[in-house]
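A closer look at the structure
This is what each chain is made of:
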Amino acid sequence: MVTIIHDLSANENAYAPLPSVMGVVAGAGERSHRYPDRFSKELTAELAERLAVPAEHLVLGVGSVGLIQQFVRATAGPGEQVAYGWPSFEAYPHLTGTAGAEAVHVPLRAHTFDLEALAGAVTERTKLVFVCNPNNPTGTVVHRAELERFLDAVPERVTVVLDEAYREFVRDAEVPDGLDFYRERPNVAVLRTFSKAYGLAGLRIGYAVAQEKLAAAVRAQGTPFGVNAPAQAAAVASLAAERELLERVELLVKERGRLVAGLRAGGWEVPETEANFLYLPIGSRAEEFGAACAAVGVGVRVFPREGVRVTVGTPEATDLVLSAAAGLQG
């Protein structure tokens, strides 16, 4: 049996939380006999100041997945629709189904959200639309002008969630900050997480920003005390150590460039990516690529007969992926 040494299948951060953050988590764990702050007041205040938004516009949740569920429950139900590009984040159809709503998949164009087609798919039954930017699993992005046209075309009665889980890894200046749209449009919300850039995937904490009425409706769908105390403490400590954390993000962005360049030099097609992962649309070779990576101790995400998603990891992990890929092309 092959041992997976580098798990690059789940878009996790390759680096553990900073020692200063881990110390805070340990301290919070010692108080686990106490309930967490139900309203996450300290973290909410910190985010409100940093993002320059009212505290009433913030919703804390159990990772972005928990917040997606809250948005779906707050806006859609049986007989109503939730739309998004596809393939995209796999939680969208699953959580739409748990609410009894109908999931509407709009195929990507050139591995990117086709916003014109997505706007055209909006019907009288559409209540919620997700735009994943950068998109998971392809890493591709939509730019400001096309997103503006899309938002102009979508009726104000439809809630649009800009899912920006990978925002910190974006280096393309044409990719907009979703907060700019939320400030101007009451039907637009922004979703972010501490799981990726901040390396807190195991603690499950994320946040949404929306105008007060929408935020209140989403907040009402959350589980009381759902965001645990160690997660809240870790998020606050991570924001305090943001400069050091973002240095780690730069390391991953640099490694992303090396991995993309190496694969392309070996003859593999790799769409432009602004996330902490890349996608190879290799169709029937997906399983073969996944097996070759596993043979050298690297786990990747295989989408059978479609493609492979590879999270950016350490330099050692990059070397192994490039070695496996070269072996297949040899």
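The structure reproduced in this document is the subject of the present report. (Residues numbered from 1 in each chain as written. Predicted model: local features only at pLDDT ≥ 70, side-chain atom pairs only at ≥ 80, totals over all residues. Heavy atoms only, no water.)

A word on the environment of tyrosine 166
The following threshold applies: Runs of H or I in DSSP of at least four residues are treated as helices and runs of E of at least two as strands, each being numbered from the N terminus. Each residue gets one of three labels from its accessible area relative to the maximum for its type: buried under 20%, exposed over 50%, partly exposed in between, using a 1.4 Å probe on protein chains only. Polar contacts, as used here, are pairs of N or O atoms within 3.5 Å; protein pairs need one atom able to donate a hydrogen and one able to accept it. Residues neighboring in sequence count only if both atoms are side-chain atoms.
By the element assignment, tyrosine 166 lies in the loop between β6 (159-163) and α7 (178-184). Looking at tyrosine 166, the relative accessible area reads 4%, which means it is buried. Separated by 26 residues in sequence, tyrosine 166 and arginine 192 place their C-alpha atoms 7.8 Å apart. For tyrosine 166, the side chain forms a polar contact with the side chain of asparagine 11, separated by 3.0 Å.

A look at the packing of aromatic side chains
The criterion, for reference: Stacked, tilted and edge-to-face pairs are distinguished by plane angle, under 30 degrees for stacked and over 60 for edge-to-face with tilted covering the rest, among Phe, Tyr and Trp rings (Trp via its six-membered ring) whose centres lie within 6.5 Å.
Counted according to the given criterion, the structure contains 10 aromatic pairs. Residues phenylalanine 89 and tyrosine 92 carry aromatic rings whose centres are separated by 5.7 Å and whose planes lie at 85° to one another, so their mutual orientation is edge-to-face. For the residue pair phenylalanine 89 and tyrosine 92, the accessibility class agrees, reading buried in each case. Judged by centre distance (5.3 Å) and plane angle (80°), the ring pair of tryptophan 268 and phenylalanine 289 falls under edge-to-face. Of this pair, tryptophan 268 sits in the loop between α10 (242-265) and β9 (277-280) while phenylalanine 289 sits in helix α11 (residues 286-295); the two residues are 21 residues apart in sequence, bridging distant segments of the chain. Tryptophan 268 sits in the buried class, given a relative accessible area of 7%. Among the residues examined, phenylalanine 289 registers a relative accessible area of 0% and is labelled buried. Linked through ring pairs, Tyr84, Trp86, Phe89, Tyr92 and Phe130 together constitute an aromatic cluster.

Quick word on the sheet that holds β9
Going by this rule: Any two strands are treated as partners once DSSP identifies two or more bridges connecting them. For every element, the axis is a line fit to its C-alpha atoms; helices are fit only across the contacting stretch, and the angle between N-to-C directions ranges from 0 to 180 degrees. Contact criterion: two residues are considered in contact whenever any of their non-hydrogen atoms come within 4.5 Å of each other.
Spatially, 4 strands are ordered β1-β10-β11-β9 in an open sheet, and the strand pairing comes out mixed. Edge strands, defined here as strands with exactly one partner in the open sheet, are β1 (6-8) and β9. Between one strand axis and the next, the sheet turns by 25° as a mean value, whatever way the strands run. Sheet topology note: the β9/strand β11 (residues 307-311) ladder contains 4 bridges and is antiparallel. The partner of phenylalanine 277 across the bridge, within β11, is threonine 311. Relative to β1, helix α12 (residues 315-329) is tilted by about 75°, and along the sheet it contacts β1, β10 (298-303) and β11.

Let's talk about the sheet that holds strand β3 (residues 81-86)
Strand order in the open sheet formed by 7 strands is β2-β8-β7-β6-β5-β3-β4, with mixed pairing between adjacent strands. Taken across any chain shown, the strands that pair with only one partner, and hence form the sheet edges, are β2 (58-61) and β4 (102-107). The sheet shows a mean angle of 20° between the axes of neighbouring strands, taken without regard to direction. Of the pairings in the sheet, the one linking β3 to strand β5 (residues 126-132) comprises 4 bridges and is parallel in character. Considered in β5, the bridge of glutamine 81 is made with threonine 126. Of the strands in this sheet, β2, β5, β6, β7 (188-193) and β8 (206-209) are in contact with helix α3 (residues 63-75), which crosses β2 at around 120°.

Some points on the layout of surface pockets
The criterion, for reference: A cavity here means a set of points on a 1 Å grid, drawn over the protein atoms and nothing else, where a 1.4 Å probe fits but cannot get out; a pocket is an open set with protein on both sides within 12 Å along at least five of seven lines, and a residue lines either one if it has an atom within 4 Å of a point. Grid points are joined across faces, edges and corners, and a volume is the space filled by probe spheres set on the points. Residues were grouped as follows: Ala, Val, Leu, Ile, Met, Phe, Trp, Tyr, Cys and Pro as nonpolar; Asp, Glu, Lys and Arg as charged; and all remaining residues, including Gly, as polar.
Volume-wise, the largest pocket comes out at about 500 Å³. Lining the largest pocket we find 26 residues, and of these Arg38, Leu60, Arg219, Gly222 and Thr223 sit closest to its centre. Elements with a contribution of two residues or more to the lining of the largest pocket: α2 (41-51), β2 and α3. Considering only residue class, the lining of the largest pocket consists of 10 nonpolar, 11 polar and 5 charged. Approximately 390 Å³ is the volume attributed to the second largest pocket. When contributions to the lining of the second largest pocket are tallied by element, the ones reaching two or more residues are α3 and β10.

What to know about the pattern of salt bridges
As a working rule, side chains carrying opposite charge can pair if their charged atoms are close by. Put simply, the rule reads: Basic side-chain nitrogens of Lys or Arg form a salt bridge, by our definition, when they fall within 4 Å of a carboxyl oxygen of Asp or Glu.
Applying the stated criterion across every chain yields a total of 18 salt bridges. Of the charged contacts, one joins aspartate 114 and arginine 109 as a salt bridge, the two residues approaching to 3.7 Å between their closest N and O atoms. When its relative accessible area of 14% is taken as the criterion, aspartate 114 is described as buried. Arginine 109 sits in the partly exposed class, given a relative accessible area of 49%. Through salt bridges that share partners, Glu46, Arg50 and Glu242 make up one connected network.

Quick look at the packing of α10 against α12
The geometry of a pair of packed helices is captured by two quantities: the angle between their axes and the separation between those axes. Worth spelling out the cut-off: In this scheme, roughly parallel covers angles under 35 degrees and roughly antiparallel covers those over 145, while 65 to 115 is roughly perpendicular and the rest are oblique.
Contact geometry of α10 with α12 gives a least axis separation of 10 Å together with a crossing angle of 10°. It follows from the interaxial angle that α10 and α12 lie roughly parallel. Contacts between α10 and α12 involve Glu255, Arg258, Leu259, Gly262 and Leu263 from the former and Pro315, Thr318, Asp319, Val321, Leu322 and Ala325 from the latter. Looking at side-chain class alone, the contact of α10 with α12 contains 6 nonpolar, 2 polar and 3 charged residues.

Let's talk about the packing of α3 against helix α4 (residues 91-98)
Just so we agree on the cut-off: Here a crossing is taken to be left-handed if its near helix is turned anticlockwise relative to the far helix by less than a right angle, and right-handed if that turn runs clockwise.
Axis separation between α3 and α4 bottoms out at 9 Å; the angle between their running directions is 45°. Between α3 and α4, the angle falls in the class oblique. Pair α3 / α4 crosses with right-handed handedness. Facing Val65, Ile68, Gln69 and Val72 of α3, the residues of α4 in contact are Tyr92, Leu95, Thr96 and Thr98. Across the contact of α3 with α4, the residue classes tally to 5 nonpolar, 3 polar and no charged.

Interpretation note: all reported values are geometric properties and have no functional meaning in isolation.
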